[in-house]
Amino acid sequence: MTTDEKLQHFLEFCMEDSRARSAKILDDYSSGLEKTFEEHKEAARHQADMRIQIEKDKIKREINKKIAIDQLEIRRKLSRKQEELRDMLFVELRNRLASFMETAEYQRLLEKQIEAAKKVAGGEHLIVYLDPTDEDKLRRISLHQGAGVEIHLNQNSFGGGTCAVIPSLNILIDNSFASRIEEAKRHVSFHLREKGGQGHD
């Protein structure tokens, strides 16, 4: 083999070796880039998922806040409406009581209340107060009472009915309409009826 042939062979060997090493380096670099790209893609996807979750949580908080505000406003409106209904109810009740106080049945109610108070007194001195608006009934009711029972008009109106005092027993028997109305106010309530079903009272 001549010197030129040897040189040519050596050159071809070097070129082949160089190409093989270059190809390996290129493959390794390409694999590294692919891995880096996949890692970057995964990180970007993770960040996107996190941003989406953050936005979801933010929207959920905003929705919950809006719902809470709306619920509070609804409760306020319901409360105002209940107050209006309660006022209307007791205006109607007072009107009916005023009409009732013009009847003979009301006179009988006063007499029954006094008789019940006399039983509680059991012979002790009893003072019965009528509402100032019942002045026209004072004389007739007083005529039917025995000794130990005083009937007076109260200075201030209590809406009808009677109040009785047994001084020796330190007892007050409050059968006034005003106290009955106040008691009713404490216990009156309104219940919403569900759509498509029956409400509970």
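It should be emphasised that the depicted structure is a prediction, and the values quoted were computed from it without experimental measurement.

K.L.:
What is the right way to look at unusual backbone geometry in this model?
P.N.:
Most peptide bonds are trans, and most residues other than glycine sit at a negative phi. Positive phi, close to 55 degrees, is recorded for asparagine 170, a residue that is not glycine. As for its placement among the helices and strands, asparagine 170 is situated in the loop between β3 (161-166) and β4 (171-176). On the accessibility criterion, asparagine 170 (71% relative accessible area) is exposed.

K.L.:
Is there a simple way to explain the nonpolar core in this structure?
P.N.:
Most often, soluble globular proteins keep nonpolar side chains buried together rather than apart. The biggest cluster of nonpolar side chains holds 20 residues, and the ones touching the most others in it are Leu126, Val128, Ile141, Ile151 and Ala164. When residues of this core are traced back to their parent elements, those giving at least two are α1 (3-100), α2 (104-121), β1 (126-130), α3 (135-143), β2 (149-153), β3 and α4 (177-187). The dominant element in this core, judged by the number of residues it contributes, is α2, at 5 residues. Among residues more than four places away in sequence, those in contact with isoleucine 151 are Ile114, Val128, Leu130, Leu138, Ile141, Ser142 and Gln145.

K.L.:
What am I meant to see in the pattern of salt bridges here?
P.N.:
Any two side chains of opposite charge can pair if their charged atoms end up close together. Taken as a whole and assessed by the stated rule, the structure comprises 15 salt bridges. Of the charged contacts, one joins arginine 19 and glutamate 16 as a salt bridge, the two residues approaching to 3.0 Å between their closest N and O atoms. With a gap of 3 residues between them, arginine 19 and glutamate 16 both fall in helix α1, about one helical turn apart. The closest approach of N and O atoms between aspartate 28 and lysine 24, which form a salt bridge, is 3.1 Å. On the criterion of helical spacing, the pair formed by aspartate 28 and lysine 24 is a turn pair, its members being 4 residues apart in helix α1. Shared partners join several salt bridges into a network, and the residues in it are Glu73, Arg76 and Arg80.

K.L.:
Is there a simple way to think about the packing of α2 against α3 in this case?
P.N.:
Helix-helix packing: each pair is described by the crossing angle between the helix axes and the interaxial distance. Running from amino to carboxyl end, α2 crosses α3 at an angle of 50 degrees, the nearest separation of the two axes being 11 Å. Our classification of the angle between α2 and α3 gives oblique. The two elements α2 and α3 cross, and the hand of that crossing is right-handed. Note on element contacts: α3 touches α2 through Lys137, Arg140 and Ile141, opposite Tyr106, Gln107, Leu110 and Ile114. Split into classes, the residues belonging to the contact of α2 with α3 amount to 4 nonpolar, 1 polar and 2 charged.

K.L.:
Sorry if this is basic, but what is going on with the packing of α1 against α4 here?
P.N.:
Between α1 and α4, the shortest axis-to-axis distance is 12 Å and the interhelical angle comes to 155 degrees. If you check the angle between α1 and α4, you find them roughly antiparallel. Our pair here, α1 against α4, has a crossing hand that is right-handed. Residues Arg86, Phe90, Leu93, Arg94, Leu97 and Phe100 of α1 lie in contact with α4, whose contacting residues are Phe177, Ile181, Ala184 and Lys185.

Rules of the game
Residues numbered from 1 in each chain as written. Predicted model: local features only at pLDDT ≥ 70, side-chain atom pairs only at ≥ 80, totals over all residues. Heavy atoms only, no water. Helix = DSSP H or I, 4+ residues; strand = E, 2+ residues; numbered from the N terminus. Buried < 20%, exposed > 50% of the residue type's maximum accessible area, 1.4 Å probe, protein only. Core = buried A, V, L, I, M, F, W, Y, C linked by side-chain atoms within 4.5 Å. Contact = heavy atoms within 4.5 Å. Salt bridge = Lys/Arg side-chain N within 4 Å of Asp/Glu carboxyl O. Axes fitted to C-alpha atoms, helices over the stretch in contact; angles between N-to-C directions. Parallel < 35°, antiparallel > 145°, perpendicular 65-115°, else oblique. Left-handed = near helix turned anticlockwise from the far one by under 90°. Nonpolar A, V, L, I, M, F, W, Y, C, P; charged D, E, K, R; others polar.

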